[in-house]
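Below, each chain spelled out in residue letters.
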Amino acid sequence: MAEIKQGTIIKAYNGYYYILETGAASDAALVACKIRGKLKQSRYSLVAGDLVQFEPPAGAGEGRIHAALPRKNALLKPAIANLDQVLVVFALSNPEPHPLQMDRFLAVAELAGLPAVLCLSKADEAPEEVVRHWVDLYSRAGYEVIAFSSKENKGLDAIRACLHNKTSVLSGPSGVGKSTLLNALFPVWQLETGEVSEKIGRGRHTTRFTQLLPLPGGGFVADTPGFSVVDFTHVTPGQLAECFPEFHAYAGQCRFQPCTHDHEPNCAVKAAREAGLIAASRYESYLTILAEIRQAKGR
Ligand SMILES: Nc1nc2c(ncn2[C@@H]2O[C@H](COP(=O)(O)OP(=O)(O)O)[C@@H](O)[C@H]2O)c(=O)[nH]1
Ligand SMILES: [Mg+2]
Ligand SMILES: [Zn+2]
């Protein structure tokens, strides 16, 4: 009987699973494996981030996956298992911060049950008071916020520390500097970066598939555009309110239970918003998404 080892699936591609053995160096060679027949019929397919037991190839050729360990969690889009957190990346300038869009990305992480860290890029392009405004706004909402500049090498240690020994996915719109960030953190990676327009032209015929990058020192980060489709139509108003952490302290004190924090009298969330305890932009984002949910449900 060959030795059975444990490892993490780094990418799944063309029927092969590429595995990094647990405890191996981040730049160790990946082991190409196929799934053992019996496991193939199991309920779910294996994805990046899955922990598996595998039998390395005897000589040349491929190894075999014998078993998958239970998952902590799994995302569908992008398909990644066992995530610890989401780093939501937005630019402080070029493109300008878009609070509704930020709140959507943060809420998607909340819906997935994953802690979100807000990483604000291109700090070199924004005046200090603008940086402070956005950091304060989201810190007060309960998020860990890191302002950084890949260009000027600022805030990168905080992001490196945040990624260490965890499995993370970067999410956020195109052009905010996600790939540039990963290259600045770990220069050996040399991921493709550039203007949005250039990338569309070049990227059309290249297959984009989900892949984890093993971090030097432990942990993984997903090189993927993240959640591109942010769709809340399957979400209930109650679930949406839970996606806004700064509402939690007040929601239990509303006169009506459940309360949608919209038209109801004696709403503690609305009162907190009027007292300046909840930021206006956050409350407006909530109402905008709530209206979309209601419209989709024809209510
Ligand atoms: N000024 C400045 N520009 C940056 C910074 N990071 C990225 N950029 C630029 O933003 C553009 C988009 O970067 P990219 O990493 O491809 O964005 P992605 O689509 O989020 O992966 C590129 O032109 C980068 O040079 C930064 O820290 N400062
Ligand atoms: Mg990119
Ligand atoms: Zn309320």
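Residues numbered from 1 in each chain as written. Chains lettered and ligands numbered in written order. Predicted model: local features only at pLDDT ≥ 70, side-chain atom pairs only at ≥ 80, totals over all residues.

Turning our attention to the overall build of the chain. What the chain contains, in helices and strands, is ten helices and 13 strands. Its C-alpha atoms give the chain principal-axis dimensions of roughly 70 × 45 × 35 Å. Summarising the internal contacts of the chain: among those between residues at least 6 apart in sequence, 64% fall at separations of at least 24. (Helix = DSSP H or I, 4+ residues; strand = E, 2+ residues; numbered from the N terminus. Contact = placed C-beta atoms within 7 Å.)

Okay, the site of ligand 1 next. Taken together, the neighbourhood of ligand 1 is formed by 17 residues, with Gly177, Lys178, Ser179, Thr180 and Thr193 sitting nearest. Sort the elements by how many residues they give to the shell around ligand 1 and helix α5 (residues 178–185) lands first, with three residues. Looking at side-chain class alone, the shell around ligand 1 contains one nonpolar, ten polar and six charged residues. (Near = placed C-beta within 6 Å. Nonpolar A, V, L, I, M, F, W, Y, C, P; charged D, E, K, R; others polar.)

Along the chain, Gly175 turns up in the loop between β11 (167–171) and α5. For Gly175, a count of 16 C-beta atoms within 10 Å puts it in the partly exposed group. Each C-alpha atom, one on Gly175 and one on Lys77, is 20 Å from the other, the two residues being 98 residues apart in sequence. (Buried ≥ 20, exposed ≤ 12 C-beta atoms within 10 Å, placed from the backbone.)

Right, let's talk about the domain arrangement of the chain for a bit. Quoted interface sizes are often the accessible area lost when the parts come together. Taken as a whole, the chain is organised into domain 1 (5–71), domain 2 (80–222) and domain 3 (237–296). The C-alpha-based centres of domain 1 and domain 2 are spaced at 28 Å. Facing twelve residues of domain 1, the contacting portion of domain 2 comprises 13 residues. The element contributing the most residues to the side of domain 1 that touches domain 2 is strand β1 (residues 5–13), with four residues. Its residues assigned to classes, the side of domain 1 that touches domain 2 shows six nonpolar, three polar and three charged. (Domains from an automatic or database assignment.)

Counting 72 residues, the largest nonpolar core has Ile19, Val88, Leu106, Leu118 and Cys119 as its most contacted members. Setting aside its immediate chain neighbours within four residues, Ile19 contacts Gly7, Thr8, Ile9, Ile10, Leu30, Val31, Cys33, Val52 and Phe54. (Core = buried A, V, L, I, M, F, W, Y, C linked by C-beta atoms within 7 Å.)

Let us now look at the sheet that holds strand β8 (residues 85–91). Read across the sheet, six strands follow the order β10-β9-β8-β11-β13-β12 without closing on themselves; strand pairing throughout is mixed. Two strands lie at the open edges of the sheet, namely β10 (144–147) and β12 (212–214), each paired on one side alone. In this sheet, neighbouring strand axes are inclined to one another by 25° on average, regardless of whether the strands run parallel or antiparallel. Pairing of β11 with strand β13 (residues 220–222) involves three bridges; the strand directions are parallel. Directly across from Val169, in β13, lies its bridge partner Ala222. (Pairing = 2+ DSSP bridges. Axes fitted to C-alpha atoms, helices over the stretch in contact; angles between N-to-C directions.)

Pairing is mixed in the closed barrel, where five strands are placed in the order β1-β2-β3-β5-β4. Along the sheet, successive strands turn relative to each other by an average axial angle of 55°, direction set aside. Bridge analysis of β1 against strand β4 (residues 51–55) gives four bridges, and the strand direction is antiparallel. Bridged to Gln6 within β4 is Gln53.

All right, on to the pairing of β8 then. β8 sits mainly inside the fold: six of its seven residues count as buried. As judged from the four bridges shared by β8 and β11, these two strands associate in the parallel manner. Within β11, the residue paired with Gln85 across the bridge is Ser168. Of the pairings in the sheet, the one linking β8 to strand β9 (residues 116–121) comprises six bridges and is parallel in character. Paired with Val89 across the strands is Cys119, a residue of β9. Each parallel crossover has a hand, and the one from β8 via helix α2 (residues 99–111) to β9 is right-handed. (Right-handed = clockwise from strand over helix to strand, strands pointing away.)

All right, on to α5 then. Inspection of α5 places Lys178, Ser179, Leu181, Leu182 and Ala184 among the buried residues, and these make up the whole buried set. Looking at the buried residues of α5, the elements they touch are β8, β9, α4 (156–163), β11 and β13.

With that out of the way, let us pick up the pairing of strand β5 (residues 63–68). The side chains of a regular strand alternate, residue by residue, between the two faces of the sheet. Relative to β5, strand β3 (residues 31–35) runs parallel, the two being bridged by three bridges. Note on β5: the bridge partner recorded for Cys33 is Gly63. Across four bridges, the pairing between β4 and β5 is antiparallel. Counted as the bridge partner of Glu55 is Arg64 from β5.

With respect to the secondary-structure elements, Gly177 resides in the loop between β11 and α5. A C-alpha to C-alpha distance of 23 Å links Gly177 and Ile10, two positions 167 residues apart in sequence.

Averaged over all residues, the pLDDT of the chain equals 90, while 91% of them reach at least 70. In the model, residues 197–207 has pLDDT below 50 throughout and makes one contact with residues more than four positions away in sequence or in other chains. (pLDDT = per-residue confidence, 0-100.)

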